[in-house]
Amino acid sequence: MKIRDVKLGLLAFFVLAFGSGSSRAADTIKGGELYAVHCASCHGASGISVMPNAPNFAQSESLLQPDLLLLTSIKNGKNAMPAYQGILSDHDIMDVIVYLRTLN
Ligand code: HEC
């Protein structure tokens, strides 16, 4: 491995770990943890829904809406799905949405 590659690797690490500042990038790891706690009981650990009528996140068609619409549905709840307003912050929900988009 060349010295230059090591430097670039370190730079990438610091940018990823500390670089995002106040407008921090969405956190898929945190999103995945929140998903496991709050969502997997109906939507399935890997996004293959275990509850009838719950969308299957392993199929990308279920997530064709923009993030903002998904955020609203999750905050307000929808039919059999509970509302998460007051349980999860908008920021937490955005982390979960970014995680959802990794499932298909
Ligand atoms: C009690 C079971 C249950 C839990 C828990 C649950 N959901 Fe749902 N979810 C549903 C059902 C059922 C629907 C389908 C609602 C409908 O369209 O009738 C749904 C729909 C959705 C949709 C699609 C909304 C739309 O507008 O099409 C998203 C996105 C979603 N859920 C995300 C989540 C996330 C993220 C969590 C965890 C924070 C979660 N759900 C927790 C049952 C659940």
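Parameters at a glance
- Residues numbered from 1 in each chain as written.
- Predicted model: local features only at pLDDT ≥ 70, side-chain atom pairs only at ≥ 80, totals over all residues.
- Heavy atoms only, no water.
- Near = heavy atom within 4 Å.
- Polar contact = N/O pair within 3.5 Å; in protein donor to acceptor, adjacent residues only side chain to side chain.
- Helix = DSSP H or I, 4+ residues; strand = E, 2+ residues; numbered from the N terminus.
- Axes fitted to C-alpha atoms, helices over the stretch in contact; angles between N-to-C directions.
- Parallel < 35°, antiparallel > 145°, perpendicular 65-115°, else oblique.
- Contact = heavy atoms within 4.5 Å.
- Buried < 20%, exposed > 50% of the residue type's maximum accessible area, 1.4 Å probe, protein only.
- Core = buried A, V, L, I, M, F, W, Y, C linked by side-chain atoms within 4.5 Å.
- Donors = N, O, S within 2.8 Å, 3.2 Å for Na, K, Ca; no water.
- Tetrahedral: all angles 85-135°; square planar, octahedral: opposite > 155°, others 65-115°.

Asker: Could you give an account of the site of the ligand, naming the residues involved and the relevant values?
Answerer: By nearness alone, 22 residues border the ligand, and Cys39, Cys42, His43, Asn79 and Met81 come closest of all. Within the side chain of Lys78, one N or O atom sits 3.0 Å away from an oxygen atom of the ligand. A distance of 2.6 Å separates an oxygen atom of the ligand from a polar side-chain atom of Asn79. Elements with a minimum of two residues in the shell around the ligand: α3 (40-43) and α4 (67-76).

Asker: Residue-level account of the packing of helix α2 (residues 28-38) against helix α5 (residues 90-100), with values.
Answerer: It is the contact of α2 with α5, at a shortest axis distance of 7 Å, that shows an interaxial angle of 95°. In terms of orientation, α2 lies roughly perpendicular with respect to α5. Taken together, the residues of α5 that come into contact with α2 (itself represented by Thr28, Lys30, Gly31, Gly32, Leu34 and Tyr35) are Asp92, Asp95, Val96, Val98, Tyr99 and Leu100.

Asker: Now, about the side chain of His43: what can you tell me, with residues and values included?
Answerer: Looking at the secondary structure, you find His43 in helix α3. The exposure class assigned to His43 is buried, which follows from its relative accessible area of 9%.

Asker: If you had to explain the nonpolar core to someone new, which residues and values would you point to?
Answerer: Ranked by internal contacts, the top residues of the largest apolar core, which has 17 residues, are Tyr35, Phe57, Ile93, Val96, Ile97, Leu100 and Leu103. Sorting elements by how many residues they give to this core places α5 first, with five residues. Setting aside its immediate chain neighbours within four residues, Phe57 contacts Tyr35, His43, Gly47, Ser62, Leu63, Leu100, Leu103 and Asn104.

Asker: Can you lay out the coordination of the iron atom of the ligand for me, pointing to particular residues and giving the numbers?
Answerer: Within the protein, His43 (NE2) and Met81 (SD) serve as the donor atoms for the iron atom of the ligand, at 2.0 Å. In this structure, the iron atom of the ligand is surrounded by six donor atoms whose angles at the metal cover 85 to 179°, and the resulting shape is octahedral. Note that His43 is positioned in helix α3 and Met81 in the loop between α4 and α5, a separation of 38 residues in sequence. Judged by relative accessible area, which is 25%, Met81 ranks as partly exposed.

Keep in mind that these numbers describe shape and distance, not what the molecule does.
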